[in-house]
Amino acid sequence: MRATRGAIEEVSLNPRTYEPMILTIGRSKPIGICGSGLIDAVAELLETGMIDQNGKFRRDLPTDRVRNGPDGYEYVLARKEETLIQKDIVLTEIDIESLIRTKAALYAGCKVLLESVGLGFKDLEQVIIAGGFGRHLDLEKAIFIGLLPEIDIEKFIFVGNGSLLGARLLSFSKDLLKEAERIALMMTNLELSNYPTFMNEFIAAMFLPHTDVSAFPKGMKRLTRVRREYPPERMVEGQL
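In this report, the structure presented in the accompanying data block is examined. Just so it is clear, the structure is predicted and the values come from calculations on it, not from any experiment.

### Focus: the packing of aromatic side chains
The final tally for this structure, using the stated rule, is three aromatic pairs. Between the aromatic rings of Tyr107 and Phe121, the centroid separation amounts to 4.9 Å while the plane-to-plane angle is 40°, which identifies the pairing as tilted. Residue Tyr107 is found in helix H2 (residues 93–115), and its partner Phe121 is found in the loop between H2 and strand S7 (127–130); the two are separated by 14 residues along the sequence. Exposure class is identical for Tyr107 and Phe121. Each is buried. Taken together, the aromatic side chains of Tyr107, Phe121 and Phe216 make up a single cluster linked through ring pairs. The ring centre of Tyr73 lies 3.8 Å from the NZ or CZ of Arg59, which sits over that ring.

Have a look at this one:
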């Protein structure tokens, strides 16, 4: 759901009991989950070892919050008696797969765009995040799942409603209006679907955080700790 009152925006999980702590916008009872809450939840599920790097749930966890639901395995974020909608709010493997596909497309698109002008993520001086989504985004968790590149967190800034801010500034400055026109005339379109390396980059990013471990050294260090605390021999076949 949109980031409005009642949307789950923050999630943290107890790594021993697997019980969630959720915060909603407006601090009311939950009615759904918004984008930032989804990112939080998946990052927590990954770090606690509840899902593997493909986004699949462990089947041997001592909790009834992971269950086989109508759409496959799912995690119960809020039980029906805790919500305003009188039904469980769950996160399914299908939901996680959708997020992985979305973050893979975003990451791959940005990488290809930079490579088209001979640059890489390390060359970026600043990353501007606009829109309501950015207001509630936890940057560390977004980087941890591979949604954003692993660069210095100080390089990210939030501007809120960038289009409205730009329109307001242009209405007060002819110089800025000319600058906007100049930038608009410089714009070019890069058709990612026709770009030779996009699909390869997309497939490589279909993993949490990424198949290229060198691109996410801090994230992989955190996952190594997860593997140490939750070793593979405790898992059923086919799980991390």
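That shown, we press on.
### Some details on the sheet that holds strand S2 (residues 20–24)
Sheet architecture is open: three strands sit in the order S2-S1-S3, paired in mixed fashion. Of all the strands in the sheet, the pair left with one neighbour each is S2 and strand S3 (32–33). In this structure, strand S1 (residues 7–13) lies alongside S2, joined through five bridges in antiparallel fashion. Along S2, the bridge assignment pairs Glu10 with Leu23. Packed onto the sheet, helix H1 (residues 35–47) meets S1 and S3 and runs at close to 15° relative to S1.

### Here we look at unusual backbone geometry
Omega for the bond connecting Leu208 with Pro209 falls within 30 degrees of zero, at 0°, which places this linkage in the cis form. Along the chain, Pro209 falls in the loop between helix H7 (198–204) and helix H8 (217–229). Positive phi outside glycine occurs at Arg27, with the angle close to 55°. One non-glycine residue, Gln86, lies in the positive phi region at around 55°. Among the secondary structure elements, Gln86 is positioned in the loop between strand S5 (72–78) and strand S6 (89–92).

What counts and how
- Residues numbered from 1 in each chain as written.
- Predicted model: local features only at pLDDT ≥ 70, side-chain atom pairs only at ≥ 80, totals over all residues.
- Heavy atoms only, no water.
- Phe/Tyr/Trp six-rings, centres within 6.5 Å; stacked < 30°, edge-to-face > 60°.
- Helix = DSSP H or I, 4+ residues; strand = E, 2+ residues; numbered from the N terminus.
- Buried < 20%, exposed > 50% of the residue type's maximum accessible area, 1.4 Å probe, protein only.
- Lys NZ or Arg CZ within 6 Å of the ring centre and 35° of its normal.
- Pairing = 2+ DSSP bridges.
- Contact = heavy atoms within 4.5 Å.
- Axes fitted to C-alpha atoms, helices over the stretch in contact; angles between N-to-C directions.

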